[in-house]
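What follows is the residue order along each chain.
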Amino acid sequence: QQATKQALEQTSESIGKKSQQLAQTLMGSGKVALRWLAGWSLAAVFVYGMATTLPIALIKYTMERRSEMKQNTSTPSTEEPLQQQPQENRPSVFSRWWA
């Protein structure tokens, strides 16, 4: 009887230790998983913000530039008459995109 009692106590101690180790392992893994999830969530929010904000800002900028260019070309100043620029001094078609 006493031998059986000791065997049961050893088995219960062993199970208790193993369950504590398992709980600690799961807690550590859970923390790692939560940190990983939080990091990727922040990255996803950043990418979404850039993907939605940047095109709108570029469209607004392009529209403003076009309206400025239209205003500048539609209302010439009366002080200086418009003169044809020499061919070599004319800005290229693509220069307005890089200005």
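The coordinates are above.
Our subject in this report is the structure included herewith. From a predicted model like this one, the values you see are computed outputs, not experimental measurements.

Parameters and conventions
Residues numbered from 1 in each chain as written. Predicted model: local features only at pLDDT ≥ 70, side-chain atom pairs only at ≥ 80, totals over all residues. Heavy atoms only, no water. Helix = DSSP H or I, 4+ residues; strand = E, 2+ residues; numbered from the N terminus. Buried < 20%, exposed > 50% of the residue type's maximum accessible area, 1.4 Å probe, protein only. Areas by Shrake-Rupley, 256 points an atom, 1.4 Å probe, with all protein chains shown as cover. Phe/Tyr/Trp six-rings, centres within 6.5 Å; stacked < 30°, edge-to-face > 60°. Patch = residues over 30% accessible without salt bridge, like charges linked within 9 Å, V, L, I, M, F, W, Y side chains within 5 Å. Salt bridge = Lys/Arg side-chain N within 4 Å of Asp/Glu carboxyl O.

Section: the overall build of the protein chain
When helices and strands are counted, the protein chain shows two helices and zero strands. Across the 99 residues of the protein chain, 0% fall into the buried class. Accessible surface, the protein chain: about 9900 Å² in total, of which carbon and sulfur atoms supply 63%.

With respect to the packing of aromatic side chains
Here the structure, examined in full by the defined rule, presents one aromatic pair. Ring centres of Trp 36 and Trp 40 lie 6.4 Å apart, and the angle between their planes is 55°; this geometry places the pair in the tilted category. Here Trp 36 pairs with Trp 40, and both are found in helix α1 (residues 2-74), just four residues apart, close to one helical turn.

Remarks on a nonpolar patch on the surface
A cluster of nonpolar side chains, namely Phe 46, Val 47, Met 50, Leu 54 and Leu 58, defines an oily patch on the protein surface of about 500 Å² accessible area. Among the secondary structure elements, Leu 58 is positioned in helix α1.

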